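Observations on the three-dimensional arrangement
Residues per chain are reported as follows:
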Amino acid sequence: MSDSNYDGGPFEPMRLYRLACCVDLLLAALVVAGWPLVGPLLADPMGEAFASSMSASSQPGLDEYPYVFLWTMPVLAVFAAWVLKEGGRRKLARLVSVYPVGVLALVLVWYYGFSTVYS
C-alpha cells in the first residue's frame, strides 16, 4: 500500500502555498481597489513602520511609498513562489508565499499590540 494520489506519483501537499498565494492576491486587490475599507486599519501601522505619512481618508497613487509596498510585495511574492515551485523548490515557494502576510501580521501586531508599551 502506498501513499500516492496522482497516477503513481507521491502526494505532496501544496495547500499552504495555494492558500498563501490566494491571500496575497486578495490582499493586493483589497489594497488597490478597496483602500477606503482597509485604509483605516493599515494606514497608521504602515506609516509608523516605514517612517512616512499615510492617510486612510484619501486614495494614494499606485506609485506612492509605502502604499506601493502594500500591493507589490504580495504580487511579487506570488510570482516568485510560482517560479520556485515550477523549479522544484517547493519548500522555498511555501516560505516566499507566506512572507507578505507574515510581514503585515508582524507590523499590525507590533503597532496595535506593543506600541503602547514602547511609547
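Residues numbered from 1 in each chain as written. Predicted model: local features only at pLDDT ≥ 70, side-chain atom pairs only at ≥ 80, totals over all residues. Heavy atoms only, no water.

**Thoughts on the overall build of the protein**
Each helix and strand in the protein was counted, giving 4 helices and 2 strands. When the helices and strands of the protein are read in sequence order from the N terminus, they spell out β-β-α-α-α-α. The burial tally for the protein puts 30% of its 119 residues in the buried class. Summarising the internal contacts of the protein: among those between residues at least 6 apart in sequence, 59% fall at separations of at least 24. (Helix = DSSP H or I, 4+ residues; strand = E, 2+ residues; numbered from the N terminus. Buried < 20%, exposed > 50% of the residue type's maximum accessible area, 1.4 Å probe, protein only. Contact = heavy atoms within 4.5 Å.)

**Observations concerning the nonpolar core**
One finds Leu-27, Val-31, Trp-35, Val-38, Leu-42, Ala-43, Met-46, Met-54, Tyr-67, Leu-70, Leu-104 and Val-107 forming the largest nonpolar core, which totals 12 residues. Where this core is concerned, the elements lending two or more residues are α1 (15-33), α2 (35-49), α3 (67-86) and α4 (90-118). Per element, the largest residue contribution to this core is 5 residues, and it comes from α2. Ignoring sequence-local partners within four residues, the contact set of Val-31 consists of Val-38, Leu-42, Gln-59, Tyr-67, Leu-70 and Trp-71. Counting 7 residues, the second largest nonpolar core, distinct from the first, contains Met-14, Cys-21, Ala-81 and Ala-93. (Core = buried A, V, L, I, M, F, W, Y, C linked by side-chain atoms within 4.5 Å.)

**Considering the confidence of the model for the protein**
Put simply, the protein has an average pLDDT of 84, and 87% of its residues get 70 or more. Mean pLDDT across the elements of the protein bottoms out in strand β1 (residues 4-6) (53) and peaks in α3 (93). (pLDDT = per-residue confidence, 0-100.)

**A look at the packing of aromatic side chains**
Taken as a whole, this structure holds 4 aromatic pairs when the rule is applied. A ring pair is formed by Trp-35 and Tyr-67, whose centres lie 5.3 Å apart and whose planes are at 90°; its orientation type is edge-to-face. Of this pair, Trp-35 sits in helix α2 while Tyr-67 sits in helix α3; the two residues are 32 residues apart in sequence, bridging distant segments of the chain. For the pair shown, Trp-35 and Tyr-67 are each scored as buried. Put simply, the rings of Trp-110, Tyr-111 and Tyr-112 pair up and form one aromatic cluster. (Phe/Tyr/Trp six-rings, centres within 6.5 Å; stacked < 30°, edge-to-face > 60°.)

**Overview of α2**
Helix length check: α2 (15 residues) gives 18 Å between terminal C-alpha atoms against 21 Å at 1.5 Å per residue, more than 12% under. The largest bend in α2 is about 45°, located at Leu-42, with the proline Pro-45 one to four residues further on. Taken together, the buried positions of α2 are occupied by Trp-35, Val-38, Gly-39, Leu-42, Ala-43, Pro-45, Met-46 and Gly-47. Just downstream of α2 lies Ala-51, where phi reads positive at about 50°. (Expected span 1.5 Å × (residues − 1). Bend = angle between axes of the 7 residues up to and from the residue.)

**Focus: a nonpolar patch on the surface**
On the surface, Leu-19, Val-23 and Val-101 cluster together into a nonpolar patch covering about 230 Å² of accessible area. In this fold, Leu-19 is placed in helix α1. You can call Leu-19 exposed: its relative accessible area is 56%. (Patch = residues over 30% accessible without salt bridge, like charges linked within 9 Å, V, L, I, M, F, W, Y side chains within 5 Å. Areas by Shrake-Rupley, 256 points an atom, 1.4 Å probe, with all protein chains shown as cover. Salt bridge = Lys/Arg side-chain N within 4 Å of Asp/Glu carboxyl O.)

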